Amino acid sequence: MILMLISMALAGDTTTLSLRRALELAVERNPELQSAALGESIAAIDARRARLDRFSASIGGTAGGQAGFVKPWEQPAHDTSGASWDARADLAVPLYAGGRIRASIELADAASTLAGLDRALAERTLLRAAYTAYWSIKGYELQIAAGEEGLALTRESLAIIQAKADAGLAAGIDVNRSTVDVYAQEERLLSDRAQLYEAEQELIRLLHLSGDDVVLVDEPAAPAIGPADFPASGGASRPELARTIQEAAAAEAGIRAAQAGALPTVTLSATAGVGNTTAIADPAASAFDPANLGTGLDASAGISVTWNPFDLFQTRDAVEQANLARKQVTLAREAEIDSIEQELRQARSAVTQLRARVPLVDAQESLARDNLRIVSELYAQGSASILDLFDAQAAFRQARIQGASLRVALATAELDLRWVAGADLLAPGSTP
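Rules of the game
Residues numbered from 1 in each chain as written. Predicted model: local features only at pLDDT ≥ 70, side-chain atom pairs only at ≥ 80, totals over all residues. Heavy atoms only, no water. Helix = DSSP H or I, 4+ residues; strand = E, 2+ residues; numbered from the N terminus. Rg over C-alpha atoms; globule rule 2.2 N^0.38 Å. Areas by Shrake-Rupley, 256 points an atom, 1.4 Å probe, with all protein chains shown as cover. Axes fitted to C-alpha atoms, helices over the stretch in contact; angles between N-to-C directions. Parallel < 35°, antiparallel > 145°, perpendicular 65-115°, else oblique. Left-handed = near helix turned anticlockwise from the far one by under 90°. Nonpolar A, V, L, I, M, F, W, Y, C, P; charged D, E, K, R; others polar. Buried < 20%, exposed > 50% of the residue type's maximum accessible area, 1.4 Å probe, protein only. Lys, Arg positive; Asp, Glu negative; His and termini not counted. Salt bridge = Lys/Arg side-chain N within 4 Å of Asp/Glu carboxyl O. Contact = heavy atoms within 4.5 Å. Core = buried A, V, L, I, M, F, W, Y, C linked by side-chain atoms within 4.5 Å. pLDDT = per-residue confidence, 0-100. Phe/Tyr/Trp six-rings, centres within 6.5 Å; stacked < 30°, edge-to-face > 60°. Lys NZ or Arg CZ within 6 Å of the ring centre and 35° of its normal.

Counting its secondary structure elements, the protein contains eight helices and six strands. At 40 Å, the protein has a C-alpha radius of gyration far larger than the 22 Å of a compact globule built from 432 residues. With respect to the three principal axes, the spread of C-alpha positions in the protein is 145 × 50 × 35 Å. Within the structure as shown, the protein displays about 24100 Å² of accessible surface, and the carbon and sulfur contribution to it stands at 59%.

If you want it as structure tokens, here you go:
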């Protein structure tokens, strides 16, 4: 087996993965997470713009010139020319807006935080899919190993049955039955290998790996015995709860923004400019005279008050909608808390029940192995029937496969418990 893994690795088409490396690759290479990170950056820019957009400032300038030919009535014709330019700066600063500006900034900040939480939620979902796929592959590998062991023992029994049949001590039908059982186990192993290949391809797709083969180096740890304790976080660090907090903040800001519609807006505005008057040529000189180009400076400032009483009905409806939205967020948070608590109880119960089954399944597998050995010896001595041998073989195979499935299910359930509690699976030392 070791030589086969080494040759596969040297071929260059095989990726060797630990569980932790698989989780890291899932986060590093997933395009949906990359897209979510870009959305978070965009939301951060929007939050920054919300602080700047409350001020209005602009600087502009114009310049131009003209030249022409003029023929007054009954007077000599002459040239005309001129030039003009103007530069201006405008500034507007809100003095009072009824809380609308502050509310808009808070809404932008909440949207930025929500974008980050959405990325965290997408990452958590991806991590769960990655470790589930990882242990699913290990489950198929352990089942195949158990099936191969059972097949080897069945073939040994078939050799004994064939020898007894050749000596006239067993019926030919017994040979046929055992041969059919061998074929059935071989067919089951082929099916398990096909499912293993599909599971490997799913992990390869999930991690965006190149090549067609993966070698998983981590094995299920030795199972702990006893009830499972709730992790220290108890679900309080779940990003879903953090998201409801930000949604509540956004709802409060939405209420203040809606209420601001009933209040006046006071704005300080100022403008300043410098420019010239158009200079026209002296008809007598018929040439452009720069002395006629006059420069002027102007500046002004003022305060404007804007209030539209006809928007009061619209404001009333907007405030009512905002209050209902806040109630929705409150109820959604309560539902999320209940859901997380239920998930925690179910995950803890699953781990506890699986741990309780470990010693029973281990004992069952040990007894099934001993029973198969005893029945095989008795059958060889003629003291047990072929049906007893078949039953012992089937019981051993079932016990081996059950033990392999239990260890993978327990490894997955223990990670599920930590995931449900909101643990950071990529923190140093948190994942094997």
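So that's the structure; there's more coming.
So, about the packing of helix H4 (residues 100–166) against helix H5 (residues 172–207). For any two helices packed against each other, one specifies the inter-axial angle together with the distance between the axes. Interaxial distance between H4 and H5 falls to 9 Å at its minimum, and their mutual angle equals 165°. For the element pair H4 / H5, the angle class is roughly antiparallel. As for how H4 packs across H5, the hand of that crossing is left-handed. Its residues assigned to classes, the contact of H4 with H5 comprises 19 nonpolar, 10 polar and nine charged.

Moving on, we come to the side chain of Arg124. Looking at where Arg124 falls in the secondary structure, it is placed in helix H4. Comment: no salt bridge for buried Arg124; closest opposite-charge side chain is Glu240, at 4.4 Å. Look past the residues within four positions of Arg124 in its chain and what remains in contact with it is Arg238, Pro239, Glu240, Trp419, Gly422 and Ala423.

Another point: the nonpolar core. By size, the foremost hydrophobic cluster in this structure holds 63 residues, and its most contacted members are Leu17 and Leu207. Secondary structure elements with two or more residues in this core: helix H2 (19–29), H4, H5, strand E4 (213–216), helix H7 (312–381) and helix H8 (386–420). By residue number, the principal contributor to this core is H8, which donates 15 residues. The contact partners of Leu17, leaving out residues within four places of it in the chain, are Ala22, Leu25, Tyr134, Leu203, Leu207, Leu209, Val214, Val215, Leu216 and Val217. Counting six residues, the second largest nonpolar core, distinct from the first, contains Ala47, Ala97, Ile101 and Ala108.

Taken residue by residue, the protein gives an average pLDDT of 84. The fraction at 70 or more is 90%. A low-confidence stretch, residues 1–12 stays under pLDDT 50, and its non-local contacts, those more than four residues away or across chains, total five contacts.

Across all of its chains, the model carries one aromatic pair by this definition. Consider the rings of Tyr134 and Trp135, whose centres lie 5.5 Å apart with planes at 85°: the pair is edge-to-face. Note on accessibility: Tyr134 and Trp135 belong to one class, buried. Over the ring of Trp419 we find Arg124; its NZ or CZ atom is 4.1 Å from the centre of that ring. Positioned above the aromatic ring of Trp419 is the side chain of Arg128, whose terminal nitrogen or guanidinium carbon lies 4.1 Å from the ring centre.

Once that is clear, we can look at unusual backbone geometry. Of note, the phi angle at His208 is positive, near 55°, even though the residue is not glycine. Its location among the elements puts His208 in the loop between H5 and E4. Under the relative-accessibility criterion, His208 is labelled partly exposed at 38%.

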